[in-house]
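Remarks on the overall topology
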Amino acid sequence: MSEAVTRIATTSPGSPGLLASLDPLLQEWLPRQRWFAGKGRPVTGFSLVAATELLPPTAKLGLYHLLVRAHQPLSLGTSTQPGDCYQLLIGVREALPPRLAPALIGHLDDGPLAGHTVYDALYDTRPAELLLEAVRSRARIGGLRFERDPHQEIRDGLVPRVMTAEQSNSSIVYGDTFILKLLRRIVPGTNPDLELPLALAREGCPRVPAPTGWIRAELAGESYVLGVLQPFVQGAADGWELALRELAKGEDFGAEARSLGRATAEVHTALARALPTVTLGHTQLHLLADGMIERLEAAVQAVPALRPYAPGLHSTFTALGDLAAEGRTWTAQRIHGDLHLGQCLRSPAGQWWLIDFEGEPSKPLAERRMPQPPARDIAGMLRSFDYAAHSAEVPVPGWAEACRAAYCSGYAEVSGVDPRTDPVLLRAYETDKAIYEVVYEARHRPDWLPVPMAAIERYVTSSRRLHP
């Protein structure tokens, strides 16, 4: 541990008095955060999982690292139960300077920090610097473990800034050199957002930034991944924003889509080398198809507009089961798990990178780590092209179709297998994804509902041609 961290870091086993005083402020503040997963259900209280004092509270600045479990009813009208665990970095000041106003949590009138103001410390320079110092020095602070790749240098003097565009997590960029992604909703176990980039780094895959460092918590015999530090791709363009810019200019995106297909195949190929693969036979494929059918039936109940399409959608999934009954098998492996244009970066030199291997945060960790057919990732990207095309102010006819074809061709150039040669599996995954999108849009963005509904109609029509 560096001298600076040694001097300022102390640990507390957890302060019920601190949490009790924070409780009413957190009940108001936490549900407003974009990364809070329990929206629509009231927070009735919190239980403390762990509290670590990183800076003792003084008149100028104090800092606590907290893991707290939010208590919420499973649904409106049901009893309250312990829910998700969240990672919070709580700053403490007597008064908050204007530059930190957006980070305000509230003012404490009682408890051990009475008279102080508390706020989200990721927006503050010194706490952000402390996290990088701790990773560089491989600090051990209470149950927190700061670790790094000894072959990668982390120089000091890098100015931190918090990124404001994230949804399910929070990130700090250090001097355009590193980016620290802090996971907000914490679960015990091996997190694929660290596991898979480390495996890809061992394979020498250049399409994923290799982890420079990471933060874990060791608590009651359980290990939690809290954050991952990776090189920052300076000047990189987000794939979604890049696609929308090209669409707005009426530019062809085919070359980029082909290159992105090649990058996806490179990642899939490296993951298949690095981690075990499995063969999906009759039993596993029937379970896969049954899961898709169950999600369809639940979606029809939630969104009645799906009802006229239900028989055609159902046949898309039973066709997968029919192939399994005929003895068809597929290979499953570790995949990205939540692939779309927003999970891709293109460097100024034109190289594509894949990021954010956490998978769908709403899914259990064990499910996110299961081997799956690569077609699931491919289907996610194909749906993303469709969404981008519908986001254009001026429609560009055939844009999504051209991107889909180019992406699959690029994928085939590297993998040797064109995803379009396996239409039943690919269509099943695309349909499953579109059904998920219908439910999501109906609940959260009704104006977007026509996008997946149009896809549903296309899939049913084409399914009739495939399976008259």
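Predicted, not measured: the structure shown is a model, and the values here were computed from it. (Residues numbered from 1 in each chain as written. Predicted model: local features only at pLDDT ≥ 70, side-chain atom pairs only at ≥ 80, totals over all residues. Heavy atoms only, no water.)

Turning to the layout of surface pockets, a few remarks are in order. Here the second largest pocket defines a volume of roughly 400 Å³. Thr-331, Pro-374, Ala-375, Tyr-411 and Val-417 are the residues nearest the centre of the second largest pocket, which is lined by 20 residues in total. Counting residues per element, the lining of the second largest pocket draws most heavily on helix 6 (residues 254-274), which supplies three residues. In terms of residue class, the lining of the second largest pocket is built from eleven nonpolar, six polar and three charged. (1 Å grid on protein atoms, 1.4 Å probe; cavity = no way out; pocket = protein on both sides within 12 Å on 5 of 7 lines; lining within 4 Å. Points joined across faces, edges and corners; volume = space filled by probe spheres on them. Helix = DSSP H or I, 4+ residues; strand = E, 2+ residues; numbered from the N terminus. Nonpolar A, V, L, I, M, F, W, Y, C, P; charged D, E, K, R; others polar.)

The next subject is the nonpolar core. Among the nonpolar cores identified, the biggest contains 74 residues, and Phe-253, Leu-306, Leu-354, Phe-385, Trp-399 and Tyr-407 are the most heavily contacted of them. In terms of residue count, the dominant contributor to this core is helix 12 (residues 423-444) (nine residues). Residues Ala-121, Ile-141, Trp-214 and Ile-215 belong to the second largest nonpolar core, which totals 43 residues. (Core = buried A, V, L, I, M, F, W, Y, C linked by side-chain atoms within 4.5 Å. Buried < 20%, exposed > 50% of the residue type's maximum accessible area, 1.4 Å probe, protein only.)

Here we take up unusual backbone geometry. Despite not being glycine, Arg-138 has its phi angle at roughly 55 degrees, a positive value. Considering the arrangement of structural elements, one finds Arg-138 in the loop between helix 3 (125-136) and strand 6 (140-141). Owing to a relative accessible area of 39%, Arg-138 belongs among the partly exposed residues under this scheme. The backbone phi angle of Asp-176 is positive, close to 60 degrees, even though this residue is not glycine. Its place among the elements puts Asp-176 in the loop between strand 9 (169-174) and strand 10 (178-183).

The next point concerns the packing of helix 10 (residues 375-391) against helix 11 (residues 399-415). Where helix 10 contacts helix 11, the axes come no closer than 8 Å and their chain directions differ by 155 degrees. In terms of orientation, helix 10 lies roughly antiparallel with respect to helix 11. Both helix 10 and helix 11 take part in a crossing whose hand is right-handed. Of helix 11, the residues touching helix 10 (which contributes Ile-378, Met-381, Leu-382, Phe-385, Asp-386, Ala-388 and Ala-389) are Trp-399, Ala-400, Cys-403, Arg-404, Tyr-407, Cys-408 and Tyr-411. (Axes fitted to C-alpha atoms, helices over the stretch in contact; angles between N-to-C directions. Parallel < 35°, antiparallel > 145°, perpendicular 65-115°, else oblique. Left-handed = near helix turned anticlockwise from the far one by under 90°. Contact = heavy atoms within 4.5 Å.)

Okay, the sheet that holds strand 8 (residues 160-162) next. Sheets are built from strands that pair by backbone hydrogen bonding, the pairs being arranged parallel or antiparallel. Read from one edge to the other, the open sheet built from seven strands follows the order 6-7-12-13-10-9-8, with strand pairing classed as antiparallel. Each edge of the sheet is formed by a strand with only one pairing partner; in this case those strands are strand 6 and strand 8. As judged from the five bridges shared by strand 10 and strand 13 (residues 222-231), these two strands associate in the antiparallel manner. By the bridge assignment for strand 13, Phe-178 is matched with Pro-231. (Pairing = 2+ DSSP bridges.)

Taken in spatial order, the three strands line up as 14-17-18 in an open sheet, and their pairing is antiparallel. The open sheet has two free edges, formed respectively by strand 14 (237-238) and strand 18 (352-354), since each of these has just one partner strand. The sheet contacts of helix 6 involve strand 17 (344-346) and strand 18, and relative to strand 18 the element is tilted by about 45 degrees.

Turning to the side chain of Asp-377, a few remarks are in order. If you trace the backbone, Asp-377 turns up in helix 10. With no salt bridge to any partner, buried Asp-377 finds its closest opposite charge in Arg-376, at an N-O distance of 5.9 Å. Non-local contacts of Asp-377, meaning those with residues more than four positions away in its chain, are made with His-268, Ile-335, His-336, Gly-337, Asp-338 and Leu-339. (Lys, Arg positive; Asp, Glu negative; His and termini not counted. Salt bridge = Lys/Arg side-chain N within 4 Å of Asp/Glu carboxyl O.)

Moving on to empty space enclosed by the protein. Considering all chains together, one arrives at four cavities of 30 Å³ or more under this definition. Looking at the largest cavity, its volume works out to about 80 Å³. Mapped by element, the contributors of at least two residues to the lining of the largest cavity are strand 3 (80-93), strand 7 (144-148) and strand 10. Considering every element that reaches the lining of the largest cavity, the biggest residue donor is strand 3, with three residues. Looking at side-chain class alone, the lining of the largest cavity contains ten nonpolar, two polar and one charged residues. Taken as a whole, the second largest cavity encloses approximately 70 Å³ of empty space. If you trace the second largest cavity, you find it lined by Ile-335, His-336, Gly-337, Gly-359, Glu-360, Lys-363, Glu-367, Arg-368, Gln-372 and Arg-376. For the lining of the second largest cavity, the residue count by class is one nonpolar, four polar and five charged.

This structure, assessed with the given rule, holds 31 salt bridges. A salt bridge links Glu-28 to Arg-32, with the nearest nitrogen and oxygen atoms 3.5 Å apart. One network of salt bridges, in which partners are shared, links Lys-181, Asp-193, Asp-356 and Glu-358.

Attention shifts here to the packing of aromatic side chains. Inspection of every chain in the model, using the stated rule, returns eight aromatic pairs. Pairing Trp-35 with Tyr-86 gives two aromatic rings, centres 6.0 Å apart and planes at 45 degrees, and the pair type is tilted. Of this pair, Trp-35 sits in the loop between helix 2 (16-29) and strand 1 (45-55) while Tyr-86 sits in strand 3, and the two are 51 residues apart along the sequence. For Trp-35, a relative accessible area of 9% puts it in the buried group. When its relative accessible area of 0% is taken as the criterion, Tyr-86 is described as buried. Ring geometry for Tyr-387 and Trp-448: centres 5.8 Å apart, planes at 10 degrees, overall stacked. (Phe/Tyr/Trp six-rings, centres within 6.5 Å; stacked < 30°, edge-to-face > 60°.)

On their own, these measurements won't tell you what the molecule is for.
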